[in-house]
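# A look at the structure
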Amino acid sequence: MTEERTYDVVVVGAGSTGENVADIVVRGGLSAVLVEAELVGGECSYWACMPSKALLRGTEAISAARAVSGASAAVTGEQDAAATLARRDSFTSNWSDDSQVEWVRGAGIDLVRGSARLDGERTVVVTDAEGAETRLTATHAVALCTGSEASVPPVDGLRDVEPWTPRDATSAKEVPGRLVVIGGGYVGCEMATAWSALGSTVTVIERGERVLGGAEPAAGDAVTAALRAAGVDVRLRTAVQSARREGGEVVVTVAAGDGPAEEIRGDQVLVAAGRRARTHDIGLETVGLEGEGFLDVDDTLQVRGVPWLYGVGDVNGRALLTHMGKYQARQAGAAIVARATGQDVDTADWSPFVATADTHAVPSVVFTDPQVASVGMTSTKAAESGRPHRVVEYPIGSVAGASVHRDGYEGTAIAVVDTEREVLLGATFVGYDVAELLHSAVIAVAGEVPIARLWHAVPAYPTISEVWLRLLETWRG
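Quick summary incoming for the structure in this document. (Residues numbered from 1 in each chain as written. Predicted model: local features only at pLDDT ≥ 70, side-chain atom pairs only at ≥ 80, totals over all residues. Heavy atoms only, no water.)

Okay, empty space enclosed by the protein next. Counted according to the given criterion, the structure contains two cavities of 30 Å³ or more. In this structure, the largest cavity occupies an estimated 60 Å³ of space. Every residue lining the largest cavity is listed: V392, A415, V417, L424, I451, L454, W468, L471, L472 and W475. Taken together, the elements giving at least two residues each to the lining of the largest cavity come down to β20 (412–418), α14 (451–454) and α15 (467–476). Looking at the lining of the largest cavity, the element that brings in the most residues is α15, giving four residues. What the second largest cavity holds in volume is close to 50 Å³. (1 Å grid on protein atoms, 1.4 Å probe; cavity = no way out; pocket = protein on both sides within 12 Å on 5 of 7 lines; lining within 4 Å. Points joined across faces, edges and corners; volume = space filled by probe spheres on them. Helix = DSSP H or I, 4+ residues; strand = E, 2+ residues; numbered from the N terminus.)

Here you go:
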(Lines give C-alpha, C1' and ligand atoms only; values in the text may rest on other atoms or scores of the structure.)
Protein backbone atom coordinates (compact mmCIF):
# COMPACT_ATOMS: atom_id res chain seq x y z
CA MET A 1 0.00 0.00 0.00
CA THR A 2 1.29 3.46 -0.91
CA GLU A 3 1.47 5.94 1.95
CA GLU A 4 0.04 9.39 1.16
CA ARG A 5 1.37 12.60 2.73
CA THR A 6 0.81 16.30 2.05
CA TYR A 7 3.17 19.19 2.78
CA ASP A 8 3.40 22.81 1.75
CA VAL A 9 6.80 22.16 0.17
CA VAL A 10 8.49 18.95 -0.99
CA VAL A 11 12.27 19.18 -1.35
CA VAL A 12 13.99 16.46 -3.37
CA GLY A 13 17.62 16.15 -2.36
CA ALA A 14 18.88 16.63 1.19
CA GLY A 15 22.30 18.04 0.43
CA SER A 16 23.26 21.46 1.74
CA THR A 17 21.08 23.15 -0.88
CA GLY A 18 17.97 21.13 -0.07
CA GLU A 19 18.55 21.48 3.65
CA ASN A 20 18.63 25.26 3.30
CA VAL A 21 15.49 25.43 1.14
CA ALA A 22 13.61 23.34 3.69
CA ASP A 23 14.95 25.37 6.62
CA ILE A 24 14.00 28.71 5.04
CA VAL A 25 10.42 27.66 4.21
CA VAL A 26 9.86 26.13 7.66
CA ARG A 27 11.16 29.31 9.28
CA GLY A 28 8.65 31.12 7.07
CA GLY A 29 5.77 29.13 8.55
CA LEU A 30 5.36 26.39 5.93
CA SER A 31 5.64 22.63 6.36
CA ALA A 32 8.38 20.80 4.47
CA VAL A 33 9.73 17.32 3.82
CA LEU A 34 13.19 16.37 2.56
CA VAL A 35 13.66 13.34 0.30
CA GLU A 36 17.10 11.72 0.12
CA ALA A 37 18.33 8.50 -1.52
CA GLU A 38 21.86 8.68 -0.11
CA LEU A 39 23.34 10.57 2.86
CA VAL A 40 21.68 13.61 4.38
CA GLY A 41 24.18 16.43 3.90
CA GLY A 42 24.99 15.51 0.33
CA GLU A 43 28.05 15.87 -1.85
CA CYS A 44 29.81 18.65 0.05
CA SER A 45 29.75 16.90 3.41
CA TYR A 46 30.93 13.47 2.29
CA TRP A 47 32.59 13.57 -1.13
CA ALA A 48 33.55 17.12 -2.08
CA CYS A 49 34.28 20.26 -0.06
CA MET A 50 34.95 18.85 3.40
CA PRO A 51 36.95 15.69 2.64
CA SER A 52 38.94 17.33 -0.16
CA LYS A 53 39.95 20.31 1.97
CA ALA A 54 40.83 18.00 4.85
CA LEU A 55 43.12 16.08 2.47
CA LEU A 56 44.77 19.33 1.38
CA ARG A 57 45.13 21.06 4.74
CA GLY A 58 48.20 19.11 5.89
CA THR A 59 50.01 19.98 2.68
CA GLU A 60 49.24 23.68 3.21
CA ALA A 61 50.45 23.60 6.81
CA ILE A 62 53.73 21.85 5.95
CA SER A 63 54.34 24.16 3.00
CA ALA A 64 53.77 27.22 5.20
CA ALA A 65 56.16 26.00 7.89
CA ARG A 66 58.86 25.14 5.37
CA ALA A 67 58.63 28.65 3.92
CA VAL A 68 59.48 30.42 7.20
CA SER A 69 63.12 30.44 8.26
CA GLY A 70 63.39 29.06 11.77
CA ALA A 71 60.07 27.27 11.63
CA SER A 72 61.32 25.17 8.71
CA ALA A 73 63.83 23.49 11.05
CA ALA A 74 60.89 21.94 12.90
CA VAL A 75 59.71 20.08 9.79
CA THR A 76 61.80 16.94 10.02
CA GLY A 77 59.73 14.36 8.20
CA GLU A 78 57.08 13.75 5.58
CA GLN A 79 53.33 13.94 5.92
CA ASP A 80 51.72 10.96 7.64
CA ALA A 81 49.36 9.70 4.95
CA ALA A 82 47.42 7.35 7.24
CA ALA A 83 46.84 10.10 9.81
CA THR A 84 45.77 12.50 7.07
CA LEU A 85 43.23 10.00 5.74
CA ALA A 86 41.97 9.37 9.26
CA ARG A 87 41.53 13.11 9.83
CA ARG A 88 39.67 13.29 6.50
CA ASP A 89 37.38 10.51 7.69
CA SER A 90 36.57 12.44 10.86
CA PHE A 91 35.28 15.37 8.80
CA THR A 92 32.86 13.05 6.99
CA SER A 93 31.76 11.49 10.30
CA ASN A 94 33.00 8.27 8.69
CA TRP A 95 30.24 8.67 6.11
CA SER A 96 27.49 8.60 8.72
CA ASP A 97 24.72 11.19 8.47
CA ASP A 98 23.34 10.73 12.01
CA SER A 99 24.20 14.27 13.12
CA GLN A 100 22.67 15.82 10.01
CA VAL A 101 19.49 13.78 10.42
CA GLU A 102 19.31 15.03 13.99
CA TRP A 103 19.61 18.62 12.75
CA VAL A 104 16.82 18.08 10.17
CA ARG A 105 14.46 16.75 12.81
CA GLY A 106 15.40 19.53 15.23
CA ALA A 107 14.59 22.11 12.57
CA GLY A 108 11.03 20.78 12.25
CA ILE A 109 11.60 19.19 8.84
CA ASP A 110 10.37 15.69 7.97
CA LEU A 111 12.66 13.24 6.18
CA VAL A 112 11.77 10.45 3.76
CA ARG A 113 14.54 8.18 2.50
CA GLY A 114 14.39 6.72 -0.98
CA SER A 115 14.55 7.49 -4.69
CA ALA A 116 12.19 10.22 -5.87
CA ARG A 117 10.33 10.76 -9.13
CA LEU A 118 7.93 13.47 -10.15
CA ASP A 119 4.48 12.05 -10.93
CA GLY A 120 2.49 14.94 -12.31
CA GLU A 121 1.61 18.29 -10.84
CA ARG A 122 3.05 18.94 -7.33
CA THR A 123 3.47 15.21 -6.74
CA VAL A 124 6.57 13.19 -5.85
CA VAL A 125 6.64 9.40 -5.44
CA VAL A 126 9.43 8.02 -3.24
CA THR A 127 10.51 4.38 -3.38
CA ASP A 128 12.58 3.10 -0.47
CA ALA A 129 15.16 0.30 -0.42
CA GLU A 130 12.47 -2.32 0.21
CA GLY A 131 10.30 -1.10 -2.66
CA ALA A 132 7.68 0.59 -0.49
CA GLU A 133 6.23 3.79 -1.95
CA THR A 134 5.36 7.11 -0.33
CA ARG A 135 3.34 9.61 -2.34
CA LEU A 136 4.08 13.21 -1.40
CA THR A 137 1.84 16.06 -2.51
CA ALA A 138 2.95 19.69 -2.25
CA THR A 139 0.32 22.37 -1.78
CA HIS A 140 2.69 25.13 -2.88
CA ALA A 141 6.03 24.00 -4.34
CA VAL A 142 8.37 21.18 -5.20
CA ALA A 143 12.08 22.06 -5.09
CA LEU A 144 14.47 19.83 -7.06
CA CYS A 145 17.86 19.97 -5.34
CA THR A 146 19.30 16.80 -6.83
CA GLY A 147 22.68 18.34 -7.63
CA SER A 148 25.19 17.16 -10.20
CA GLU A 149 27.47 14.20 -10.78
CA ALA A 150 30.74 13.55 -12.56
CA SER A 151 30.54 13.08 -16.29
CA VAL A 152 32.80 10.65 -18.11
CA PRO A 153 33.80 11.79 -21.62
CA PRO A 154 33.15 9.39 -24.51
CA VAL A 155 36.73 8.14 -24.75
CA ASP A 156 37.29 4.64 -26.10
CA GLY A 157 37.57 2.21 -23.19
CA LEU A 158 37.46 4.84 -20.45
CA ARG A 159 34.29 3.60 -18.76
CA ASP A 160 35.53 0.02 -18.99
CA VAL A 161 38.58 0.73 -16.80
CA GLU A 162 36.22 1.81 -13.99
CA PRO A 163 37.94 5.14 -13.38
CA TRP A 164 37.81 7.14 -10.19
CA THR A 165 35.29 9.93 -10.12
CA PRO A 166 35.90 12.89 -7.78
CA ARG A 167 33.90 10.97 -5.16
CA ASP A 168 36.42 8.12 -5.27
CA ALA A 169 39.36 10.53 -5.16
CA THR A 170 38.17 12.21 -1.97
CA SER A 171 37.13 9.00 -0.18
CA ALA A 172 39.95 6.60 -1.16
CA LYS A 173 41.30 4.51 1.71
CA GLU A 174 44.82 4.10 0.33
CA VAL A 175 47.31 6.28 -1.54
CA PRO A 176 47.60 5.09 -5.16
CA GLY A 177 51.15 4.49 -6.32
CA ARG A 178 50.57 6.18 -9.67
CA LEU A 179 47.57 8.38 -10.42
CA VAL A 180 46.59 9.67 -13.85
CA VAL A 181 44.27 12.69 -13.67
CA ILE A 182 42.17 13.55 -16.72
CA GLY A 183 41.23 17.22 -16.51
CA GLY A 184 43.05 20.26 -15.18
CA GLY A 185 40.13 22.10 -13.62
CA TYR A 186 39.50 22.79 -9.94
CA VAL A 187 39.07 19.15 -8.96
CA GLY A 188 41.94 17.85 -11.07
CA CYS A 189 44.40 20.40 -9.71
CA GLU A 190 43.30 19.97 -6.09
CA MET A 191 43.44 16.19 -6.20
CA ALA A 192 46.81 16.25 -7.99
CA THR A 193 48.08 18.50 -5.18
CA ALA A 194 46.66 16.30 -2.42
CA TRP A 195 47.68 12.87 -3.67
CA SER A 196 51.10 13.96 -4.85
CA ALA A 197 51.84 15.30 -1.36
CA LEU A 198 50.67 12.00 0.14
CA GLY A 199 53.08 9.99 -2.00
CA SER A 200 51.45 9.33 -5.39
CA THR A 201 53.28 9.80 -8.66
CA VAL A 202 50.76 11.99 -10.47
CA THR A 203 50.24 12.88 -14.13
CA VAL A 204 47.70 15.56 -15.11
CA ILE A 205 46.32 15.53 -18.66
CA GLU A 206 44.72 18.78 -19.81
CA ARG A 207 43.59 19.34 -23.38
CA GLY A 208 43.55 23.14 -23.05
CA GLU A 209 46.33 25.70 -23.17
CA ARG A 210 46.60 25.77 -19.39
CA VAL A 211 45.05 24.33 -16.25
CA LEU A 212 42.21 26.29 -14.63
CA GLY A 213 41.19 27.46 -18.08
CA GLY A 214 38.38 29.73 -16.86
CA ALA A 215 40.59 31.63 -14.44
CA GLU A 216 43.06 34.44 -15.06
CA PRO A 217 46.06 33.12 -17.04
CA ALA A 218 48.36 33.99 -14.14
CA ALA A 219 46.44 31.53 -11.97
CA GLY A 220 46.86 28.59 -14.32
CA ASP A 221 50.51 29.38 -14.87
CA ALA A 222 51.24 29.61 -11.13
CA VAL A 223 49.44 26.36 -10.31
CA THR A 224 51.16 24.53 -13.17
CA ALA A 225 54.57 25.71 -11.96
CA ALA A 226 53.78 24.63 -8.40
CA LEU A 227 52.51 21.21 -9.47
CA ARG A 228 55.60 20.60 -11.57
CA ALA A 229 57.86 21.74 -8.73
CA ALA A 230 56.11 19.14 -6.54
CA GLY A 231 56.91 16.42 -9.08
CA VAL A 232 53.58 16.28 -10.92
CA ASP A 233 53.83 15.65 -14.66
CA VAL A 234 51.47 18.24 -16.18
CA ARG A 235 50.64 17.62 -19.85
CA LEU A 236 49.00 20.62 -21.56
CA ARG A 237 47.35 20.67 -25.00
CA THR A 238 47.08 16.90 -24.68
CA ALA A 239 44.04 14.81 -25.65
CA VAL A 240 43.09 11.40 -24.26
CA GLN A 241 42.50 8.92 -27.06
CA SER A 242 41.74 5.67 -25.24
CA ALA A 243 42.12 3.72 -22.01
CA ARG A 244 42.49 0.07 -21.14
CA ARG A 245 43.55 -2.18 -18.30
CA GLU A 246 46.52 -4.52 -18.42
CA GLY A 247 46.49 -6.57 -15.27
CA GLY A 248 46.60 -4.14 -12.37
CA GLU A 249 47.63 -1.22 -14.56
CA VAL A 250 45.57 1.41 -16.32
CA VAL A 251 47.03 2.40 -19.68
CA VAL A 252 45.92 5.79 -21.03
CA THR A 253 46.83 6.67 -24.61
CA VAL A 254 47.31 10.39 -25.22
CA ALA A 255 48.53 12.71 -27.96
CA ALA A 256 49.85 16.24 -27.66
CA GLY A 257 48.59 18.36 -30.55
CA ASP A 258 49.45 16.65 -33.82
CA GLY A 259 52.19 14.63 -32.17
CA PRO A 260 52.42 10.85 -31.96
CA ALA A 261 50.37 8.79 -29.52
CA GLU A 262 51.97 7.98 -26.18
CA GLU A 263 50.99 5.63 -23.38
CA ILE A 264 50.81 6.72 -19.75
CA ARG A 265 50.59 3.97 -17.17
CA GLY A 266 49.12 4.24 -13.71
CA ASP A 267 47.51 2.29 -10.91
CA GLN A 268 44.38 4.45 -11.04
CA VAL A 269 42.86 7.09 -13.29
CA LEU A 270 40.72 9.98 -12.06
CA VAL A 271 38.23 11.56 -14.45
CA ALA A 272 37.76 15.21 -13.47
CA ALA A 273 36.38 16.49 -16.75
CA GLY A 274 33.11 18.19 -15.95
CA ARG A 275 29.74 17.45 -14.38
CA ARG A 276 26.17 16.79 -15.49
CA ALA A 277 22.86 17.48 -13.80
CA ARG A 278 21.17 14.72 -11.85
CA THR A 279 17.93 15.05 -13.76
CA HIS A 280 17.79 11.68 -15.51
CA ASP A 281 15.03 9.37 -14.33
CA ILE A 282 13.32 11.87 -12.01
CA GLY A 283 10.06 12.09 -13.97
CA LEU A 284 10.51 15.44 -15.72
CA GLU A 285 8.37 14.16 -18.59
CA THR A 286 5.38 13.85 -16.24
CA VAL A 287 5.29 17.64 -15.83
CA GLY A 288 5.85 18.54 -19.47
CA LEU A 289 9.64 18.90 -19.43
CA GLU A 290 11.68 17.14 -22.07
CA GLY A 291 15.06 15.48 -21.90
CA GLU A 292 17.74 15.62 -19.26
CA GLY A 293 20.39 18.22 -18.57
CA PHE A 294 20.39 21.29 -16.39
CA LEU A 295 17.03 22.82 -15.50
CA ASP A 296 16.14 26.14 -17.10
CA VAL A 297 15.18 28.48 -14.25
CA ASP A 298 14.51 32.18 -13.79
CA ASP A 299 16.28 34.33 -11.22
CA THR A 300 13.94 33.18 -8.44
CA LEU A 301 15.02 29.61 -9.32
CA GLN A 302 11.54 28.78 -10.61
CA VAL A 303 11.61 26.30 -13.52
CA ARG A 304 10.40 28.11 -16.63
CA GLY A 305 6.97 26.91 -17.68
CA VAL A 306 6.24 25.06 -14.42
CA PRO A 307 5.45 27.75 -11.83
CA TRP A 308 5.26 25.41 -8.82
CA LEU A 309 8.60 23.72 -9.58
CA TYR A 310 12.00 25.08 -8.51
CA GLY A 311 15.46 23.92 -9.55
CA VAL A 312 18.00 24.96 -6.94
CA GLY A 313 21.76 24.47 -6.77
CA ASP A 314 23.90 22.48 -9.17
CA VAL A 315 20.83 21.05 -10.90
CA ASN A 316 20.30 24.35 -12.76
CA GLY A 317 23.94 24.73 -13.88
CA ARG A 318 24.14 28.42 -12.96
CA ALA A 319 27.03 28.19 -10.50
CA LEU A 320 28.18 24.72 -9.46
CA LEU A 321 29.55 25.56 -6.03
CA THR A 322 28.26 24.62 -2.57
CA HIS A 323 28.08 28.17 -1.28
CA MET A 324 26.17 29.27 -4.38
CA GLY A 325 23.71 26.41 -3.91
CA LYS A 326 23.11 27.58 -0.35
CA TYR A 327 22.69 31.15 -1.58
CA GLN A 328 20.18 30.07 -4.20
CA ALA A 329 18.36 28.08 -1.52
CA ARG A 330 17.96 31.17 0.62
CA GLN A 331 16.62 33.18 -2.32
CA ALA A 332 14.33 30.43 -3.61
CA GLY A 333 13.07 29.67 -0.12
CA ALA A 334 12.17 33.31 0.41
CA ALA A 335 10.35 33.40 -2.94
CA ILE A 336 8.40 30.22 -2.14
CA VAL A 337 7.28 31.60 1.23
CA ALA A 338 6.30 34.96 -0.29
CA ARG A 339 4.25 33.37 -3.05
CA ALA A 340 2.61 30.94 -0.64
CA THR A 341 1.53 33.76 1.67
CA GLY A 342 0.35 36.15 -1.02
CA GLN A 343 3.25 38.60 -0.86
CA ASP A 344 4.67 40.40 -3.87
CA VAL A 345 7.92 38.94 -5.20
CA ASP A 346 10.29 41.62 -6.41
CA THR A 347 12.30 40.18 -9.31
CA ALA A 348 14.64 43.16 -9.73
CA ASP A 349 18.36 42.55 -9.35
CA TRP A 350 19.57 42.14 -5.76
CA SER A 351 16.06 41.75 -4.29
CA PRO A 352 15.55 39.25 -1.42
CA PHE A 353 14.00 36.76 -3.85
CA VAL A 354 16.47 36.53 -6.74
CA ALA A 355 19.93 35.03 -7.20
CA THR A 356 21.65 38.00 -8.83
CA ALA A 357 25.06 37.00 -7.49
CA ASP A 358 24.97 33.98 -9.83
CA THR A 359 25.78 36.27 -12.73
CA HIS A 360 27.60 39.14 -11.02
CA ALA A 361 29.53 37.99 -7.98
CA VAL A 362 30.35 34.27 -7.83
CA PRO A 363 33.23 33.64 -5.42
CA SER A 364 35.45 30.59 -5.69
CA VAL A 365 38.66 29.25 -4.17
CA VAL A 366 40.93 26.60 -5.64
CA PHE A 367 42.75 25.08 -2.67
CA THR A 368 45.97 24.28 -4.47
CA ASP A 369 49.33 25.47 -3.13
CA PRO A 370 49.33 28.38 -4.05
CA GLN A 371 45.62 29.06 -3.78
CA VAL A 372 43.49 30.84 -6.38
CA ALA A 373 40.68 33.02 -5.03
CA SER A 374 38.39 34.93 -7.37
CA VAL A 375 35.06 36.70 -7.69
CA GLY A 376 33.20 38.33 -10.54
CA MET A 377 34.64 38.89 -13.99
CA THR A 378 38.08 37.89 -15.18
CA SER A 379 39.89 40.14 -17.63
CA THR A 380 38.83 37.80 -20.45
CA LYS A 381 35.15 37.87 -19.46
CA ALA A 382 35.23 41.65 -19.15
CA ALA A 383 36.68 41.95 -22.65
CA GLU A 384 34.05 39.56 -24.03
CA SER A 385 31.28 41.59 -22.37
CA GLY A 386 32.33 44.73 -24.23
CA ARG A 387 32.32 46.80 -21.04
CA PRO A 388 34.87 49.58 -20.80
CA HIS A 389 37.37 48.34 -18.25
CA ARG A 390 40.95 48.36 -17.09
CA VAL A 391 42.96 45.53 -15.56
CA VAL A 392 45.24 46.38 -12.65
CA GLU A 393 47.85 43.96 -11.25
CA TYR A 394 50.19 44.04 -8.28
CA PRO A 395 52.68 41.46 -6.93
CA ILE A 396 51.39 40.33 -3.54
CA GLY A 397 54.90 39.48 -2.36
CA SER A 398 55.81 43.17 -2.48
CA VAL A 399 53.60 44.07 0.51
CA ALA A 400 55.12 43.87 3.97
CA GLY A 401 52.50 41.52 5.37
CA ALA A 402 53.20 38.93 2.68
CA SER A 403 56.97 39.04 3.22
CA VAL A 404 56.44 38.41 6.94
CA HIS A 405 53.90 35.67 6.25
CA ARG A 406 56.22 33.63 4.04
CA ASP A 407 59.85 33.94 2.96
CA GLY A 408 60.05 34.61 -0.77
CA TYR A 409 56.28 35.03 -1.09
CA GLU A 410 55.17 34.98 -4.72
CA GLY A 411 51.69 35.85 -5.91
CA THR A 412 49.58 38.22 -7.95
CA ALA A 413 46.52 40.35 -7.25
CA ILE A 414 44.40 41.28 -10.26
CA ALA A 415 41.53 43.76 -10.26
CA VAL A 416 39.15 44.35 -13.18
CA VAL A 417 37.66 47.84 -12.94
CA ASP A 418 34.70 49.33 -14.83
CA THR A 419 36.20 52.59 -16.11
CA GLU A 420 32.82 54.28 -16.64
CA ARG A 421 31.29 53.63 -13.24
CA GLU A 422 34.63 53.16 -11.45
CA VAL A 423 33.50 50.07 -9.59
CA LEU A 424 35.11 46.66 -9.30
CA LEU A 425 33.90 44.07 -11.81
CA GLY A 426 36.09 41.28 -10.52
CA ALA A 427 39.19 40.32 -8.60
CA THR A 428 41.59 37.39 -8.51
CA PHE A 429 44.25 36.62 -5.94
CA VAL A 430 46.91 34.01 -6.67
CA GLY A 431 49.17 33.16 -3.76
CA TYR A 432 49.58 31.45 -0.42
CA ASP A 433 46.66 31.68 2.02
CA VAL A 434 44.77 34.15 -0.17
CA ALA A 435 41.39 32.49 0.41
CA GLU A 436 40.75 34.74 3.39
CA LEU A 437 41.36 37.83 1.22
CA LEU A 438 38.42 36.97 -0.98
CA HIS A 439 35.40 38.10 0.99
CA SER A 440 36.48 41.73 0.96
CA ALA A 441 36.47 41.52 -2.83
CA VAL A 442 33.06 39.79 -2.80
CA ILE A 443 31.63 42.69 -0.79
CA ALA A 444 33.18 45.25 -3.13
CA VAL A 445 31.84 43.51 -6.25
CA ALA A 446 28.36 42.63 -4.94
CA GLY A 447 27.97 46.05 -3.29
CA GLU A 448 29.34 47.90 -6.33
CA VAL A 449 31.43 49.97 -3.94
CA PRO A 450 32.91 52.98 -5.77
CA ILE A 451 36.69 53.00 -6.07
CA ALA A 452 36.63 56.45 -4.47
CA ARG A 453 35.06 54.92 -1.34
CA LEU A 454 37.34 51.88 -1.34
CA TRP A 455 40.22 54.34 -1.01
CA HIS A 456 38.96 54.97 2.53
CA ALA A 457 38.94 51.26 3.43
CA VAL A 458 42.32 51.28 5.16
CA PRO A 459 44.06 47.88 5.38
CA ALA A 460 45.75 47.04 8.68
CA TYR A 461 49.55 46.93 8.64
CA PRO A 462 51.33 44.57 8.21
CA THR A 463 48.78 42.25 6.62
CA ILE A 464 48.55 40.72 3.17
CA SER A 465 45.36 42.79 2.73
CA GLU A 466 47.60 45.80 2.17
CA VAL A 467 47.64 44.61 -1.44
CA TRP A 468 44.26 46.37 -1.74
CA LEU A 469 45.94 49.72 -1.14
CA ARG A 470 48.64 48.91 -3.70
CA LEU A 471 46.02 47.97 -6.29
CA LEU A 472 44.20 51.28 -5.75
CA GLU A 473 47.47 53.22 -5.96
CA THR A 474 48.25 51.46 -9.23
CA TRP A 475 44.76 52.32 -10.49
CA ARG A 476 45.29 55.99 -9.66
CA GLY A 477 48.74 55.99 -11.27
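Okay, the packing of helix α3 (residues 49–66) against helix α7 (residues 186–197) next. Close contact between α3 and α7 brings their axes to 9 Å; oriented N to C, the two are set at 55°. In terms of orientation, α3 and α7 fall into the oblique class. Here α3 and α7 pass one another in a crossing that is left-handed. Contact with α3, carried on its side by S52, K53, L55, L56 and T59, involves E190, M191, T193, A194, W195 and A197 of α7 and no other residues of that element. Classifying every residue of the contact of α3 with α7 gives six nonpolar, three polar and two charged. (Axes fitted to C-alpha atoms, helices over the stretch in contact; angles between N-to-C directions. Parallel < 35°, antiparallel > 145°, perpendicular 65-115°, else oblique. Left-handed = near helix turned anticlockwise from the far one by under 90°. Contact = heavy atoms within 4.5 Å. Nonpolar A, V, L, I, M, F, W, Y, C, P; charged D, E, K, R; others polar.)

With respect to topology, five strands assemble into an open sheet ordered β17-β18-β21-β20-β19, the strand pairing being antiparallel. Every other strand in the sheet has two partners, leaving β17 (363–366) and β19 (389–395) as the edge strands with one partner each. Strand after strand, the sheet turns through a mean of 10° between neighbouring axes, direction not considered. Of the pairings in the sheet, the one linking β19 to β20 comprises seven bridges and is antiparallel in character. Paired with V391 across the strands is V416, a residue of β20. (Pairing = 2+ DSSP bridges.)

Burial of nonpolar side chains together is a common tendency in soluble globular proteins. In this structure, V10, L118, V124, V142, L144, L309 and F429 are the most contacted members of the largest nonpolar core, which totals 87 residues. One finds C189, L212, A219 and L227 within the second-largest nonpolar core, a separate group that totals 30 residues. (Core = buried A, V, L, I, M, F, W, Y, C linked by side-chain atoms within 4.5 Å. Buried < 20%, exposed > 50% of the residue type's maximum accessible area, 1.4 Å probe, protein only.)

Applying the stated criterion across every chain yields a total of 36 salt bridges. Among the charged side chains, a salt-bridge network with shared partners connects R178, R244, E246, E249, E263, R265 and D267. (Salt bridge = Lys/Arg side-chain N within 4 Å of Asp/Glu carboxyl O.)

A few words now on helix α13 (residues 438–446). Considered for burial, the residues of α13 that qualify are L438, A441, V442, A444 and V445. The arc that holds every buried residue of α13, seen down its axis, measures 165°, which confines them to one face. Contacts from the buried residues of α13 go to α10 (357–360), β17, β18 (371–376), β21 (423–431), α14 and α15. (Arc of directions from axis to C-beta.)

Below, the discussion takes up unusual backbone geometry. Of note, the bond from D369 into P370 is cis; its omega dihedral lies within 30 degrees of zero at 20°. The residue P370 is located in the loop between β17 and β18 in this model. With an omega of -5°, the peptide bond between Y461 and P462 qualifies as cis. One can find P462 in the loop between α14 and α15.

Our next topic: the sheet that holds strand β10 (residues 233–235). Read across the sheet, four strands follow the order β10-β9-β8-β14 without closing on themselves; strand pairing throughout is parallel. This sheet does not close on itself; its edge strands, each paired only once, are β10 and β14 (268–271). Here the average twist between neighbouring strands, direction ignored, is 15°. Pairing of strand β9 (residues 201–205) with β10, which is carried by three bridges, proceeds in the parallel orientation. Residue I205 lies in a different strand from β10, and its bridge partner there is R235. Where α7 meets the sheet, its contacts fall on β8 (178–182), β9 and β14, and the angle it forms with β9 comes to roughly 165°.

So, on to the side chain of D97. Of note, D97 is situated in the loop between α4 (81–91) and α5 (98–106). A distance of 2.9 Å separates the side chain of D97 from the backbone nitrogen of V40, its partner in a polar contact. (Polar contact = N/O pair within 3.5 Å; in protein donor to acceptor, adjacent residues only side chain to side chain.)

Okay, the pairing of strand β11 (residues 238–246) next. Where β11 meets strand β12 (residues 249–256), eight bridges bridge the pair, whose relative direction is antiparallel. Residue pairing for β12: A239 is matched across the bridge by A255. Where β11 folds back onto β12 in an antiparallel hairpin, the turn is made up of two residues, including G247, whose phi is positive at roughly 65°.

A full pass over the atoms with the stated rule returns zero disulfides. Just so you know, C145 is unpaired, no disulfide at all, and the nearest cysteine sulfur is the one on C44, 15 Å from it. Among the cysteines around C189, which has no disulfide bond, C49 carries the closest sulfur, lying 17 Å off. Given a relative accessible area of 0%, C189 falls into the buried group. (Disulfide = S-S within 2.5 Å.)

Next up on the list: the packing of aromatic side chains. Considering all chains together, one arrives at four aromatic pairs under this definition. Where Y409 meets Y432, the ring centres are 5.6 Å apart and the plane angle is 90°; that geometry is what we call edge-to-face. Placement of the pair is Y409 in the loop between α12 (400–405) and β20 and Y432 in the loop between β21 and α13, with a sequence separation of 23 residues. Note on Y409: relative accessible area 7%, which makes it buried. (Phe/Tyr/Trp six-rings, centres within 6.5 Å; stacked < 30°, edge-to-face > 60°.)

Turning our attention to the packing of helix α1 (residues 16–27) against helix α9 (residues 322–340). Axis separation between α1 and α9 bottoms out at 8 Å; the angle between their running directions is 25°. What the angle tells us is that α1 and α9 run roughly parallel. Remark: the crossing between α1 and α9 carries right-handed chirality. For the pair formed by α1 and α9, the contact residues are S16, T17, N20, V21, I24 and V25 on the first element and T322, G325, K326, A329, R330, G333, A334, I336 and V337 on the second. Here the residues of the contact of α1 with α9 sort into seven nonpolar, six polar and two charged.

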